[in-house]
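Below are the chains, spelled out letter by letter.
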Amino acid sequence: MAALTVPREPGGWWHAYVCPAHGVELDHGDLLGGAFPVGGAACRYGCRLDTDAIRGAWTVLAHQEAARYLRHLAAGPPDERHEAVAVLREYAEFYAGLPGTHTGGDDWMLRGRLFHQALTQAIWAVNIAHAVRTLAADPDGPGLDEFVPFLESLREAAGAARAELLRKGEARSNYTAWLAAAEITCRCAADLITGAEPDAIGLAQEYGLAAHMRTAVHRDGWEWEASTYYHLFVLHAYLLALRGARPEQLPADIANVLGAMVSALGGIAAPDGTLPALHDGPYRREAQAAEIREVAALAAQLFADAPLKAVDRAAERDSTAALPADLDGWFTGVPLPAPPPRHTFPDAGFAVFRSAGVHALLDAGPHGGGHGHQDKLALYLYGDDGTAWQPDPGQVPYAHRNLRAYYASTAAHPAFRVDETEQRPCDAVLDGDTGRCEQAYDGVTATRRVVTDRRYLLDILVLEAATERRLTAQLRPGTDLDVVAQGPDRARTVWGDGESAVLTGCHASRPHAEFTVVAHPGPADDPALTRQGVDWSLTGRRAVFVSVYQCAETAPPVRRVSLSERTVHIDLADGTVATHPIGA
């Protein structure tokens, strides 16, 4: 293993580790070496950046990587365990010498001591505690009594921050989950050192983790913000906190929440395991892929039949990092039955459709708080192999304010727009295969219905306004897009980059609408990569936009789509004609 050198300064805000010119996360360099990259942090486009904010953010990443690496060392042979003890001793002394709170934290943050944020410190503390716990479980290892005050200090800091969140009425915050996890893991590690039996289940009640599950997770299994990233983030905290628990001894309410959260991830994933980047969160990031893999590995111990096996395989494409070496035996006993698959989530407002080689997801739920986007009735399209034909574009690091605003905007999503203005932050309602939104614009009602047929997937978007408005449906590809006009009210599209699955679309509107090709930034992992999209617009009081999608290999192919006043007509190459009511 590599030599570990701990940075000798506190960390800043990791979201600042972004290129202001291109909106991409900077290269991390050698995080375990303890030294900021010579010449500045590198951007993939050739920029080199060296500012106090970027150095502070790099230091956060280095401390977090060091804590994760300590988990590997603690589970290794004697020489590595000896190194882990030495580094932990260094951390304990360093932490004790810091001011009570980080002097650089912003007013809106719950400040940490080693980091700007109490949240960032809690994540670090959870990994530190697990390294100590692994060392303490070795009967032939050195005495670790010297680390009990360190662990107690970390636990008390997390508890004080959690109490402040509760005082502010933010019991649902994802911070609360990680702060509780830090309290539980630090207490369990200290108990093991002092000879007490760790009781993660009991501490989940004492330190509010179980209460967070009841408050912050919808009945359909989604974390209340309905963001893939924050859902994973919170689930990760829950699983890390419950180390040592026997599945059969978990209270039913805790087991049910964990099962529903795992089922939600499996339910939205494409057949190959690709997870849509719904709402705030990175579109693609190596560190997130590593987190997904750890969550999948822990879920496979808690539940039978490895329910996130495909999700793990997809994440492995984006992360070569080894899983933590301490995961074996995280949960002991017989795994619980696998949570049943689910594809409709009425609380979060997600509905998943699979047909003709197309994996589609309709977004028609609550706004999602500070991590929600102005994207009501967006329709996302993926291939069975994970090809992102029309993905949720994700979000850039938060420090890039302009791009962050764009990626949360209506313009960035395959949603609907009125008068070239943004949707207001609002809720929509999901009813089976149909989403309905009446709050995005005054006097405008929008419905979107998705119909599956073994030969195609049908999308019907209806916009109705009290007065004449400019009504627009948006296509926002994540791949190349070719457009062929077939008349004033019809067009054909071909989606794909030539190296993966190809999607075909047949589009028709009533009345006639302009099918205008527009340039837009690509997904948030690389905003500098421009993509070709479509604004499909007309001026009037009512518009019907219909699209029929097929994977290019599907037979028989769709030849033509036309609309009468109340009906969609789909002509197929085998001579048959399918009809569907427009509905709204």
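Residues numbered from 1 in each chain as written. Predicted model: local features only at pLDDT ≥ 70, side-chain atom pairs only at ≥ 80, totals over all residues. Heavy atoms only, no water.

**Quick notes on the overall build of the protein**
Scanning the protein for helices and strands turns up twelve helices and 20 strands. Taking 25 Å as the expected radius of gyration for a compact globule of 584 residues, we find that the protein reaches 25 Å, a close match to that expectation. The C-alpha extent of the protein, read off along each of the three principal axes, is 80 × 55 × 45 Å. When contacts within the protein are restricted to residue pairs at least 6 apart in sequence, those whose partners lie at least 24 apart make up 67%. Averaging the locations of the 51 positively and 74 negatively charged side chains of the protein gives two centres separated by 6 Å. (Helix = DSSP H or I, 4+ residues; strand = E, 2+ residues; numbered from the N terminus. Rg over C-alpha atoms; globule rule 2.2 N^0.38 Å. Contact = heavy atoms within 4.5 Å. Lys, Arg positive; Asp, Glu negative; His and termini not counted. Charge placed at Lys NZ, Arg CZ, Asp CG, Glu CD.)

**Topic: the packing of aromatic side chains**
For any pair of aromatic rings, the description rests on two quantities: the centre-to-centre distance and the angle between the ring planes. Using the criterion set out here, one finds 17 aromatic pairs in the structure. Relative to W124, the ring of Y91 has its centre 5.1 Å away and its plane inclined at 75°; by these criteria the two rings are edge-to-face. Taken as a pair, Y91 in helix 2 (residues 78-96) and W124 in helix 3 (residues 118-136) lie far apart in primary sequence, 33 residues in all. Centroid distance W495 to Y549: 6.1 Å. Interplanar angle 75°. Geometry classified as edge-to-face. With W495 in strand 14 (residues 490-495) and Y549 in strand 17 (residues 530-551), this residue pair connects regions lying 54 residues apart in the sequence. Owing to a relative accessible area of 0%, W495 belongs among the buried residues under this scheme. Between the NZ or CZ atom of R113 and the centre of the ring of Y95, over which it lies, the distance is 4.6 Å. (Phe/Tyr/Trp six-rings, centres within 6.5 Å; stacked < 30°, edge-to-face > 60°. Buried < 20%, exposed > 50% of the residue type's maximum accessible area, 1.4 Å probe, protein only. Lys NZ or Arg CZ within 6 Å of the ring centre and 35° of its normal.)

**Examining the sheet that holds strand 18 (residues 558-563)**
Remark on secondary structure: sheet strands pair via backbone hydrogen bonds, oriented parallel or antiparallel. Judged by pairing direction, the sheet is antiparallel, and its three strands sit side by side in the order 18-19-20 without closing on themselves. Two strands close off the open sheet at either side, each with one partner strand: strand 18 and strand 20 (577-581). Direction aside, the axes of adjacent strands within the sheet are offset by 20° on average. Pairing analysis gives five bridges linking strand 18 to strand 19 (residues 567-572), with the strands arranged antiparallel. (Pairing = 2+ DSSP bridges. Axes fitted to C-alpha atoms, helices over the stretch in contact; angles between N-to-C directions.)

**Here's the deal with empty space enclosed by the protein**
All told, the structure shown has two cavities of 30 Å³ or more when counted by the stated rule. In this structure, the largest cavity occupies an estimated 70 Å³ of space. Lining the largest cavity, in full, are P391, P393, Y406, Y407, A412, P414, R476, P477, H520, P521, G522 and P523. For the lining of the largest cavity, the secondary-structure elements that each account for two or more residues are helix 12 (401-407) and strand 16 (514-521). Residues of the lining of the largest cavity, tallied by class, amount to nine nonpolar, two polar and one charged. Empty space within the second largest cavity amounts to approximately 40 Å³. Looking at the lining of the second largest cavity, the elements with two or more residues in it are strand 12 (456-475) and strand 17. Broken down by element, the lining of the second largest cavity gets its largest block of residues, five residues, from strand 12. Partitioned by chemical class, the residues of the lining of the second largest cavity number six nonpolar, two polar and two charged. (1 Å grid on protein atoms, 1.4 Å probe; cavity = no way out; pocket = protein on both sides within 12 Å on 5 of 7 lines; lining within 4 Å. Points joined across faces, edges and corners; volume = space filled by probe spheres on them. Nonpolar A, V, L, I, M, F, W, Y, C, P; charged D, E, K, R; others polar.)

**Structural notes on the nonpolar core**
Soluble, globular proteins show a tendency: their nonpolar side chains are buried together. One finds L70, Y91, W124, L242, L250 and L258 to be the most contacted residues of the largest nonpolar core, which totals 146 residues. Counting residues per element, this core draws most heavily on helix 5 (residues 174-194), at 13 residues. Look past the residues within four positions of L70 in its chain and what remains in contact with it is L4, A84, V87, L88, Y91, I128 and A131. Membership of the second largest hydrophobic core comes to 39 residues, among which are V418, A428, L461 and L481. (Core = buried A, V, L, I, M, F, W, Y, C linked by side-chain atoms within 4.5 Å.)

**Focus on the packing of helix 10 (residues 286-302) against helix 11 (residues 309-316)**
The N-to-C vectors of helix 10 and helix 11 enclose an angle of 155°; their axes lie 9 Å apart at closest approach. The orientation of helix 10 with respect to helix 11, classified from their angle, is roughly antiparallel. Crossing geometry of helix 10 relative to helix 11 is assigned as left-handed. Residue-level inspection shows A289, I292, R293 and A296 of helix 10 in contact with helix 11, the latter providing V311, D312, A315 and E316. (Parallel < 35°, antiparallel > 145°, perpendicular 65-115°, else oblique. Left-handed = near helix turned anticlockwise from the far one by under 90°.)

**Brief notes about the layout of surface pockets**
The gaps left among the atoms become clear once a water-sized probe is rolled over them. Its boundaries defined by the atoms lining it, the second largest pocket holds a volume of some 690 Å³. As for the second largest pocket, its lining consists of 40 residues, and the residues nearest its centre are T274, Y283, R284, D318 and G386. Where the lining of the second largest pocket is concerned, the elements lending two or more residues are helix 8 (228-241), helix 10 and helix 11. Residue classes in the lining of the second largest pocket are distributed as 17 nonpolar, eleven polar and twelve charged.

**Observations regarding helix 1 (residues 52-74)**
The end-to-end C-alpha distance of helix 1, which contains 23 residues, comes to 33 Å, matching closely the 33 Å that a straight helix rising 1.5 Å per residue would cover. Of all 23 residues in helix 1, 18 are buried, a share of seventy percent or more. (Expected span 1.5 Å × (residues − 1).)

**Quick notes on the sheet that holds strand 6 (residues 378-383)**
Spatially, 3-4-5-6-7 is the arrangement adopted by the five strands of the open sheet, whose pairing is antiparallel. The strands lining the two open edges of the sheet, one partner per strand, are strand 3 (344-345) and strand 7 (388-390). Where strand 3 meets strand 4 (residues 350-355), two bridges bridge the pair, whose relative direction is antiparallel. Along strand 4, the bridge assignment pairs T344 with A351.

**Thoughts on the pattern of salt bridges**
Pairing between side chains of opposite charge can happen when the charged atoms of each approach one another. Within this structure, the stated rule accounts for 36 salt bridges. Ionic pairing is found between E183 and R162, a salt bridge with its closest N-O pair at 2.4 Å. Note that E183 is positioned in helix 5 and R162 in helix 4 (residues 148-167), a separation of 21 residues in sequence. According to the relative accessible area criterion, E183 is buried, its value standing at 4%. Put simply, D347 and R219 hold a salt bridge, and the shortest N to O gap is 3.7 Å. (Salt bridge = Lys/Arg side-chain N within 4 Å of Asp/Glu carboxyl O.)

**As for the packing of helix 8 against helix 9 (residues 252-268)**
At a minimum axis separation of 11 Å, helix 8 and helix 9 run at an interaxial angle of 145°. Helix 8 and helix 9 meet at a crossing whose hand is left-handed. Contacts between helix 8 and helix 9 involve T228, H231, L232, V234, L235, Y238 and L239 from the former and L258, M261, V262, A264, L265 and I268 from the latter. Residue composition of the contact of helix 8 with helix 9, grouped by class: eleven nonpolar, two polar and no charged.

**Things to note about the pairing of strand 13 (residues 481-487)**
As paired strands, strand 13 and strand 14 are joined by six bridges and run antiparallel to one another. The residue of strand 14 that forms the bridge with V483 is T493. With antiparallel pairing between neighbouring strands as the criterion, strand 13 and strand 14 make up a hairpin whose turn holds two residues.

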